[in-house]
Amino acid sequence: MSDWITFALPKGRILEDSMELFAQIGITCPEMSEKSRKLVFENPELKLRFMAVRATDVPTYVEYGCADIGVVGKDTLLEQGKDLYEPVDMKFGYCRLVVAEPKDLQAEDNPLNWSNIRVATKYPNVTERYFAEKGIQVELIKLYGSIELAPLVGLSERIVDLVSTGGTLKANGMVEVDTIAEITSRLIVNRASLKTKHQRIGKIIAALEKVVGDEVRISE
Amino acid sequence: MINSNALPESALPKGVRDFLPLKAAKVEYLQQQLQQVMAAWGFRPVITPQLEFFDQLEKGLGGDLHARAFRFDDRQSGRLLAFPPDITPQIARIAATRMRELPLPLRLSYSGKVLRHTEEQAGKNREIFQVGVELIGLGQPEADAEMIAMAIECLQGSGAKDFTLDIGQVEFFRGVMDGLSLSSDLARRVAGAIGRKDSTELRALLDEAGVDEAAREEVLALPRLFGGREVLERAAKLVKNQRSQRALDNLTQVLALLDRHGIAEYVTFDLGELRGLDYHTGITFQGFLPGYGQAVCSGGRYDGLMANYGNPAPATGFTFDLLNLLFALDRALEDQVKPRTDLLVYACEGAVLRAQQLTPRLRAAGFSAARDMLDRSIDEALAYARLMNYRRLLVVPVGEAALRLVNPSSENEDSLTLEELLQRKEL
């Protein structure tokens, strides 16, 4: 099995975008287009295997070597800080990780005066680092979804979350205060795989670099 | 079901483990295999203490190990003590002080456990088993090649079939960076991006720094300079600076020596590999097994280390992380390593004296043997022998009657005299 290449891809739109891009460099998996509830798909001719997993689990499968290659958002990589190679920016899945707050708070707010603020987020590590660099003490509230709700009900004054078009923020009366990072999907590679399968993986990286566009795009 | 009101008290802190006989046998087996290779190459073991003065230890600690040492006050001396997070600085201290009158080179090996703080993440070990060597006093490429050849032999000796020894050279990177004159913060971020092979981030950082076109091309190539020996040719076409060229010459010389050893097939190169950048001074290398995400061994040249202990000398070495090696080879070792005892000696009623007398003779003949002292039936003793991995149950009857040698799993049995059993080479 060690001459196979295994991919871990996040279920949903990023998986579709990834397979579209992979198809351009000859990486395909006909089995995947069949309707099925399988989690692992194979292309035995090309010795390729694909696993569909939760986005936040992609780095784990790759770090432990269950998958050689993965595709995952830079947000997840920043949050998890795993020991992985991230050689190619796939340019899709564009969004921004931002600090946001309710519009009426913003009127009298000056970030220079921030201290001891409460922030709700799915990204406690990134958020903590961001505020620590600014010398601001924060109380972090880790949530697993619907972050915009937190300021509306008084759980926190501010949030750190992903925005792509900004529609959700606007609809909930929030405005962006600062951008922490611009996010796109990245190709990640297990350290040992890159060394032990350098011929195949080196080719994949070189081929992908040729086909990814110059422009980032939102995946919706 | 978990009862959250009554959390069981953990018996052990996180990040350390107990090894039960089946696993412990594998750890010991691997340790012996590695030590055998090291002894065959003329490396002599030294034994280092578990406590050091922190100020002594930190002279030889690179990277983040400094912050990862377990430290505390010493009531006796009033100084700060530490559990060593790495054995290399201890060897350097010993070589530079207690062994300083001896002629170089010194070939020393070690085997022991070290402790390191880790982030509170599940599954990260705080206790690491290291088996390694230091070659002190030789700066030649042949010494670098010796380390790589030995590491390969160690991997072969431990039963690894398919593996890669990945070689880097930090001087190549330094040569490229010399031309850039970046601020230290930016240089650190550039090194980080190269380490992750993140070309996008790297490009953005170089834009920020306003690096000129020629230098830019050299830096941007670093994340892609990995692969087989063709990497060295690609790199040679790319760089103009002398420092990087010297690094490539060094790699080429080492590769020629590895060819001579007939082991170049195991080797790959990665000039963007920057681990240990702050203390390595030349060749670095790491061993990888397919399907296991972490390096099982790592090493390289650190010519500055001995000077930190007041006795400058070139030095190189490597260390195996025994637990990484164990987890990478766990299944492959299954058949090779079984902690099995040959015989469980069972006495029938009235035959205890006979059993007690013949057991030492079995051991003298080379069998491992334990006495079953409990008052129980043969069937009960057989069930025990099966569960505890005894190869045979030896049933000792009264008087001169023949011994019965029963296989606990198949329940096949032989009948034989003690003399016949003692003559046997194989059960």
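Definitions and cut-offs
- Residues numbered from 1 in each chain as written.
- Chains lettered and ligands numbered in written order.
- Predicted model: local features only at pLDDT ≥ 70, side-chain atom pairs only at ≥ 80, totals over all residues.
- Heavy atoms only, no water.
- Pairing = 2+ DSSP bridges.
- Helix = DSSP H or I, 4+ residues; strand = E, 2+ residues; numbered from the N terminus.
- Axes fitted to C-alpha atoms, helices over the stretch in contact; angles between N-to-C directions.
- Expected span 1.5 Å × (residues − 1).
- Buried < 20%, exposed > 50% of the residue type's maximum accessible area, 1.4 Å probe, protein only.
- Contact = heavy atoms within 4.5 Å.
- Salt bridge = Lys/Arg side-chain N within 4 Å of Asp/Glu carboxyl O.
- Parallel < 35°, antiparallel > 145°, perpendicular 65-115°, else oblique.
- Nonpolar A, V, L, I, M, F, W, Y, C, P; charged D, E, K, R; others polar.
- pLDDT = per-residue confidence, 0-100.
- Patch = residues over 30% accessible without salt bridge, like charges linked within 9 Å, V, L, I, M, F, W, Y side chains within 5 Å.
- Areas by Shrake-Rupley, 256 points an atom, 1.4 Å probe, with all protein chains shown as cover.

J.: Honestly, the sheet that holds strand β15 (residues 390–396) of chain B in this entry has me stumped. Any pointers?
T.: Neighbouring strands of a sheet are bound in pairs by backbone hydrogen bonds; such pairs are parallel or else antiparallel. Residues and elements named next belong to chain B. Strand order across the open sheet formed by five strands is β14-β13-β15-β16-β17, with mixed pairing between neighbours. Looking along the sheet, the strands with just one partner apiece sit at the ends: β14 (369–372) and β17 (413–416). On average, each strand axis in the sheet is tilted by 25 degrees relative to the strand beside it, whichever way the strands run. Of the strand pairs in this sheet, strand β13 (residues 341–347) and β14 are connected by four bridges, and their pairing is parallel.

J.: How should I be thinking about helix α1 (residues 13–24) of chain A in this particular structure?
T.: Each turn of an α-helix holds 3.6 residues, which means side chains three or four residues apart point in the same direction. Residues and elements named next belong to chain A. If you check α1, its first and last C-alpha atoms are 17 Å apart, about what twelve residues at 1.5 Å a residue would give, namely 16 Å. Taken together, the buried positions of α1 are occupied by I14, L15, D17, S18, M19, L21 and F22. Tucked inside the fold, the buried residues of α1 contact β1 (5–10), α2 (30–33), β3 (48–53), β4 (69–73), β11 (185–189) and α10 (198–211). Following α1 by one or two positions, G26 adopts a phi angle in the positive range, close to 80 degrees.

J.: Looking at this structure, I do not really get the pattern of salt bridges. What am I missing?
T.: Opposite charge on two side chains permits them to pair, given that their charged atoms come into close proximity. All told, the structure shown has 51 salt bridges over all chains when counted by the stated rule. Of the charged contacts in the structure, one is a salt bridge between A:R158 and A:E101, with a shortest N-O distance of 2.7 Å. Highlighted residues: A:R158 in strand β9 (residues 158–163) and A:E101 in strand β6 (residues 95–102), separated in sequence by 57 residues. Residue A:R158 shares its accessibility class with A:E101, and that shared class is buried. The salt bridge partner of B:D270 is A:K195, with a shortest N-O separation of 2.7 Å. Taken as a pair, B:D270 in strand β9 (residues 267–270) and A:K195 in helix α9 (residues 191–196) lie in two separate chains rather than in one. Per residue, the accessibility class of B:D270 equals that of A:K195, and both read buried.

J.: Can you walk me through the packing of helix α1 (residues 21–40) of chain B against helix α11 (residues 322–333) of chain B in this structure?
T.: Residues and elements named next belong to chain B. For the pair α1 and α11, the least separation of the axes is 10 Å and the interaxial angle reads 110 degrees. Relative to α11, the element α1 is oriented roughly perpendicular. Judged by residue contacts, K23, K26, V27, Y29, L30, Q31 and L34 of α1 engage L322, L325, L326, L329, D330 and L333 from α11. Per-class residue counts for the contact of α1 with α11 are nine nonpolar, one polar and three charged.

J.: Would you mind showing me how to read the confidence of the model for chain B here?
T.: Any segment with low pLDDT has predicted coordinates that should not be analysed in fine detail. For chain B, mean pLDDT is 93; residues scoring 70 or higher make up 97% of the total. Interface scoring of the predicted complex returns ipTM 0.88; its pTM is 0.90.

J.: Is there a simple way to think about a nonpolar patch on the surface in this case?
T.: Residue and element names in this part refer to chain A. Taken together, the side chains of L149, L152, V153 and L155 define a hydrophobic patch exposed on the protein surface, amounting to about 360 Å² of accessible area. By the secondary structure assignment, V153 is in the loop between α7 (149–152) and β9. According to the relative accessible area criterion, V153 is exposed, its value standing at 59%.

J.: What exactly am I supposed to notice about the sheet that holds strand β2 (residues 40–43) of chain A here?
T.: Residues and elements named next belong to chain A. Spatial ordering of the open sheet is given by β2-β3-β1-β4-β11-β5, a layout of six strands whose pairing is mixed. Pairing within the sheet leaves two strands with one partner each, and these edge strands are β2 and β5 (85–89). Each adjacent strand pair in this sheet contributes to an overall mean axis angle of 25 degrees, direction not counted. One ladder, built from three bridges, connects β5 with β11; its direction is antiparallel. Bridged to D89 within β11 is R186. Strands in contact with α1 are β1, β3, β4 and β11; relative to β1, the strand with the most contacts, it is inclined by about 140 degrees. Running at roughly 30 degrees to β5, α10 makes contact with β1, β3, β4, β5 and β11 of the sheet.

J.: Sorry if this is basic, but what is going on with the environment of A:L15 here?
T.: Residues and elements named next belong to chain A. Secondary-structure assignment places L15 in helix α1. Judged by its relative accessible area of 14%, L15 falls in the buried class. When the C-alpha positions of L15 and A55 are compared, they lie 9.7 Å apart, and in sequence the two are 40 residues distant.

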